[in-house]
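Below are the chains, spelled out letter by letter.
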Amino acid sequence: IPFSSAQPAPTTPAFGARPEIAGAGMTALVEWVEELAALTEPAAVHWVDGSRAENEALLRAMVDEGKLIKLNPEWRPGSYLARSHPSDVARTEARTFIASENEQDAGPTNNWIAPTEIRGILNPLFQGSMRGRTMYVVPFSMGPVGGPLSHIGVQVTDSPYAVTSIGIMTRVGADVLREIAGGAHWVKTVHSVGAPLAPGQQDVAWPCNDEKYIVHFPDTLEVWSYGSGYGGNAILAKKCFALRIASVIGRDEGWLAEHMLLIRVIDPRGKAYHVAAAFPSACGKTNLAMLRPTIPGWRVETLGDDIAWLRPGEDGRLWAINPEAGFFGVAPGTGESTNVTAVETLWGNTIFTNVALRPDGDVWWEGLTDEPPAHLTDWEGNPWTPAMGRPAAHPNSRFTVSAAQCPQIADDWDAPQGVPLDAILFGGRRATNVPLVVEATDWTHGVFMGSNISSERTAAAEGTVGELRRDPFAMLPFCGYNMADYFGHWLKVGQKLRFDRAPRVFQVNWFRKGADGRFLWPGFGDNSRVVDWIIRRIEGQVPAVDSPIGRLPRTEDLNLEGIDVPQADLDELFAIDPVSWTREADLTEEFYSTFDGRVPAALQAELAALRYRLKVA
Ligand code: GDP
Ligand code: PGA
Ligand code: MN
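About the cut-offs
Residues numbered from 1 in each chain as written. Chains lettered and ligands numbered in written order. Predicted model: local features only at pLDDT ≥ 70, side-chain atom pairs only at ≥ 80, totals over all residues. Heavy atoms only, no water. UniProt positions renumbered as here; feature names shortened; annotations may be inferred. Helix = DSSP H or I, 4+ residues; strand = E, 2+ residues; numbered from the N terminus. Rg over C-alpha atoms; globule rule 2.2 N^0.38 Å. Buried < 20%, exposed > 50% of the residue type's maximum accessible area, 1.4 Å probe, protein only. Contact = heavy atoms within 4.5 Å. Areas by Shrake-Rupley, 256 points an atom, 1.4 Å probe, with all protein chains shown as cover. Near = heavy atom within 4 Å. Polar contact = N/O pair within 3.5 Å; in protein donor to acceptor, adjacent residues only side chain to side chain. Nonpolar A, V, L, I, M, F, W, Y, C, P; charged D, E, K, R; others polar. Domains from an automatic or database assignment. Expected span 1.5 Å × (residues − 1). Pairing = 2+ DSSP bridges. Axes fitted to C-alpha atoms, helices over the stretch in contact; angles between N-to-C directions. Parallel < 35°, antiparallel > 145°, perpendicular 65-115°, else oblique. Bend = angle between axes of the 7 residues up to and from the residue. Buried area = accessible area lost by both parts, 1.4 Å probe. Salt bridge = Lys/Arg side-chain N within 4 Å of Asp/Glu carboxyl O.

Per an unreviewed UniProt entry, the recorded name for the protein is Phosphoenolpyruvate carboxykinase [GTP], and the organism is Microbacterium alkaliflavum. Quoted verbatim from the Subunit (unreviewed entry) field of the UniProt record, the comment on the protein reads "Monomer."

What follows concerns the overall build of the protein. Broken down by element type, the protein carries 16 helices and 31 strands. A compact globule built from 617 residues should have a C-alpha radius of gyration of about 25 Å, and the protein, at 24 Å, falls within 12% of that. Considered along the principal axes of its C-alpha atoms, the protein spans approximately 75 × 55 × 45 Å. Expressed as a percentage of its 617 residues, the buried residues of the protein come to 60%. Pairs at least 24 residues apart make up 73% of the contacts formed inside the protein by residues separated by at least 6 positions. When the accessible surface of the protein is split by element, carbon and sulfur atoms take 52% of a total near 23300 Å².

So, on to the site of ligand 2. Inspection of the region around ligand 2 gives Arg 91, Gly 231, Gly 232, Lys 239, His 259, Ser 281, Asp 306, Phe 328, Arg 398 and Ala 460 as its neighbouring residues. Ser 281 is positioned such that a nitrogen or oxygen atom in its side chain is 2.4 Å from an oxygen atom of ligand 2. Separating an oxygen atom of ligand 2 from a side-chain N or O atom of Arg 398 is a distance of 2.7 Å. The protein chains hide 97% of the 280 Å² of surface that ligand 2 would expose on its own. In the shell around ligand 2, the residues fall into two nonpolar, four polar and four charged. Residues from two domains meet in the shell around ligand 2; each of domain 1 (24-67 + 92-254) and domain 2 (257-325 + 411-574) gives at least three.

Our focus in this paragraph is helix α2 (residues 52-64). Each α-helix winds once per 3.6 residues, and so residues spaced three or four apart point in a common direction. Its 13 residues place the ends of α2 18 Å apart at the C-alpha level, agreeing with the 18 Å of an ideal helix rising 1.5 Å per residue. Contacts from the buried residues of α2 go to β1 (44-47), β3 (80-82), β5 (134-142), α5 (160-169) and β18 (351-353). Where α2 ends, the next residue or the one after it, Gly 66, has phi of about 75 degrees, a positive value.

Right, let's get into the sheet that holds strand β17 (residues 326-330). Read from one edge of the open sheet, five strands run β2-β3-β18-β23-β17, paired in mixed fashion. In this open sheet, the two edge strands, each paired with only one partner strand, are β2 (69-70) and β17. Here β3 runs beside β18; their pairing, made up of three bridges, is parallel. Along β18, the bridge assignment pairs Tyr 80 with Ile 351.

Another aspect to go through is the packing of helix α1 (residues 24-40) against helix α6 (residues 174-181). As a packed pair, α1 and α6 sit with axes 6 Å apart at the nearest point and diverge in direction by 110 degrees. Here α1 lies roughly perpendicular to α6, going by the angle between them. The residues of α6 that touch α1, namely those facing Ala 24, Gly 25, Met 26 and Leu 29, are Leu 177, Ile 180 and Ala 181.

The next thing to look at is the site of ligand 1. Around ligand 1 sit 18 residues in total, of which Ala 282, Gly 284, Lys 285, Thr 286 and Asn 287 are the nearest. Within the contact set of ligand 1, an oxygen atom lies 3.3 Å away from a backbone nitrogen or oxygen of Cys 283. One nitrogen or oxygen atom from the main chain of Thr 286 is found 2.8 Å from an oxygen atom belonging to ligand 1. For ligand 1, the protein covers 90% of the area, taking 590 Å² as the surface of the free molecule. Ranked by residue count, the leading element in the shell around ligand 1 is helix α9 (residues 285-289), at three residues.

Residues annotated by UniProt as "binding site: Mn(2+)" (unreviewed entry) correspond here to Lys 239, His 259 and Asp 306. Taken along the chain, the residues just named run across 68 residues; in space they keep tight, none of their C-alpha pairs more than 9.4 Å apart. You can see Lys 239 is positioned in helix α8 (residues 237-253). Beyond its immediate sequence surroundings of up to four residues, Lys 239 is in contact with Arg 91, Arg 244, His 259, Ser 281, Asp 306 and Phe 478. Secondary-structure assignment places His 259 in the loop between β11 (256-258) and β12 (260-266). In terms of polar contacts, His 259 uses its side chain to reach the side chain of Lys 239, at 2.9 Å.

The next thing to look at is the sheet that holds β11. Spatially, the four strands line up as an open sheet ordered β11-β15-β16-β24, and their pairing is antiparallel. The sheet is open, and its two edges are formed by β11 and β24 (419-420), each paired on a single side. Two strands pair when backbone bridges link them, and β11 and strand β15 (residues 308-312) are joined in this way by three bridges, in the antiparallel orientation. Its bridge partner being in β15, Leu 256 is matched across the sheet by Leu 310. Relative to β11, helix α12 (residues 483-495) is tilted by about 120 degrees, and along the sheet it contacts β11, β15 and β16 (318-321).

What follows is about α8. The first and last C-alpha atoms of α8 sit only 19 Å apart over 17 residues, clearly below the 24 Å expected at 1.5 Å per residue. Along α8, the helix axis deviates most sharply at Ala 246, where the bend reaches about 45 degrees. Burial of α8 is extensive: 14 of the 17 residues sit out of reach of the surface. Of the residues flanking the end of α8, it is Gly 254, one or two places downstream, whose phi is positive at about 90 degrees.

Mapped onto the present numbering, the UniProt feature "domain: Phosphoenolpyruvate carboxykinase GTP-utilising N-terminal" (unreviewed entry) falls at residues 31-251. Along residues 31-251 the backbone is 34% helical and 21% strand, and the end-to-end C-alpha distance reaches 29 Å.

Turning next to the domain arrangement of the protein. Split into domains, the protein comes out as domain 1 (24-67 + 92-254), domain 2 (257-325 + 411-574) and domain 3 (327-405). Opposite the 12 residues of domain 2 that make contact, domain 3 presents 15 residues. Counting each side, the surface lost to burial between domain 2 and domain 3 is near 1200 Å², with a carbon and sulfur contribution of 59%. Glu 344 is the salt-bridge partner of Arg 292, the closest N and O atoms lying 2.8 Å from each other.

What follows is the structure, given as C-alpha cells:
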C-alpha cells in the first residue's frame, strides 16, 4: 500500500494519495481503510479527490483496459459505454439482506440474516477479494456538504466504474473528508466485485462474481456489497445508503427517506408548488421529474428523480431535499416524444451502460427514435439488425449523468434546506382497477393508500416482468426496517405537521389499459393535466366526487384541451369496481396479517372503513 500513514507528506499530493487532513475523525477513517486493505489485499489504495483530472485519468485507464468504449465526441462528447456481464444487469433483490440484530426489526418484507452469521460468510469472501486491483476510497455527501438534511458516507470499492458513477451521483471530495475529520458521523460502505486477479492474470471487461451479497447492517449503519458491479448493487450511496440505511436513521431522528422524485410546478400565474412522487423502479419517476407540460403556461423545474429525504420543519410543513447529484435513469423508452428533457440532458458527459452502439460511435436504445438504425452492435457486443426481433439495448440499460446538465433543473436544486412540499403522489403500474388520479381524504388515509401500492414488475430488478406485486410506498425493496413500523413512522411524522400545512396525498396511475391492451391515458407530458387538477384541488378551486377509495375528479374538470381522449376511455380511467376493490381489500388484509399485529391500528381502521364504503356503494 503505497500511501500509508507512515509516509511523510508530499509537497504536491501524488495521484490518489491520502490528503493530509488532521482530526480524530480522519484517524478513525484511516484505521478503517487500513483494516479493509489488510482484509482485501489490494495492489494499491487510491484516495479519491473528486477532481476532474482524476475522473479523466480513471476513464482513460478504463478505455485502455477495454472496460469502457469512448463514444464519438462529435455526437456525444465526454461520454462512454460500459457493457456489463450478462449475468449482472439489475439489482438482485434475492441477494439483498437486512442484517439487524433482531429479526423482527427487518420484518417479513426483507431478507433477514443474523449479523454474526453473515459476517462469517462475508469475511472469507472479502479476504483477498481485491488482489491485483486498486482499492478506491470515496468520501461522499448525500445532500450539499454540511447541509442540515445532508449525511456523509465513505465507499471503499475495487471498481473504477463505480468510482466514476459515484462521482456523478453524489458530491465527492476533500470537503467531505474535512467534515469527517471534524467529527461528522459517516456511514461505512464496502464494495468488491469479488474478482481478484492472480499475478499476470488478464482482467475482463466487467469483473463480477456469480455469488452476490448486498448486506445492510442497520444497527451499525454499514453496507457490505460483494460480487456485483451494477447500479444499486455497486453505487452504495444510492438505494443502499440513501434509502435502506437512511430510512433507519430517519426512523430514529424523525424524518423520512423516500423513493421519490421531486419537482417544482409553476402555474400560469407564476405560483410555485412542490410535489414529491413515489413510484416503483421503472414506473415513471424520471419522466415525471423532467415533465414538459403540454398545457400552455405551465412549467416544471426538476429537483430530483429518484430519492427524496423529507423532514418536518418548525413551520409545520414537510421539507424535502434530493440527496443525490445525478440521474441513473432507464434508457429504453426515453426519447424525443416521451422525455425530451432527458434526451437533452444526455448531450455529453454521460456514462451509458448496456445500451446499443451505432456504427458512427454514438448510442441507441429502443424508444430513442421511432425507427431503429439499420445496423447496431447490441448491448452484449454482437451485430444487430431490426430483423432479429430482439431488443438491441438491455431493458434495464441506463444512463448516468449529472443533475446540473438537465436543462430544466431548478436553479436552487441543491439548496441545503430543501423545499416545502404541497403534494405527495403515490403510484404504480396498474393495468386495471386503479384510477388515473384519486385524492386521499387526510394524512392517515394517504398513509393507508401508500401502504397499499402494488405494481406490475419491471426489468429494473430480477423477477418475472408483468407480475403484480405489493410495493408499499414504492419502498418494498428499499425499506431498511420493519415495514409495519415504517407505516407507523409515517403516521408519526404526519402528527408533527400542521394540519393545514401538511402536503395533500394523491394516488396516480398512468398505466391503466383498455380491454384491447392499449394505454387509456396518453401519459408523459399530458400528465401535466393531472398535476393541474391536483393543484386546483390544493387551491380549493374544484370540487371532487367522493368514492369508496377517495376523492375523484369530475371528468369535466380535467383540462383536456388539445388532446383527444374518448369519453368511454375517460369513464374507464375512473371506473371503480366494488367487486375488484373488495378483492384488493382482501389482499390488503392478507398483507397486513403478515406483520404479526404490528400494523398500526389507524391503518386497520382505514381498511375497515374502506370495506364499509365498498359495501354501501
Ligand atoms: P423510473 O425508473 O421510475 O425513473 O421510471 P422512468 O421515468 O425511467 O420510466 C420507466 C418506463 O416507464 C419508461 O419506459 C418510460 O417510457 C415509461 N413511462 C414513464 N412515464 C410514462 C407514462 O406517463 N405513460 C406510459 N405509458 N409510460 C411511461
Ligand atoms: P431504480 O434503481 O431501478 O429504482 O432506478 C436502479 C438501481 O439502483 O439499480
Ligand atoms: Mn429513474
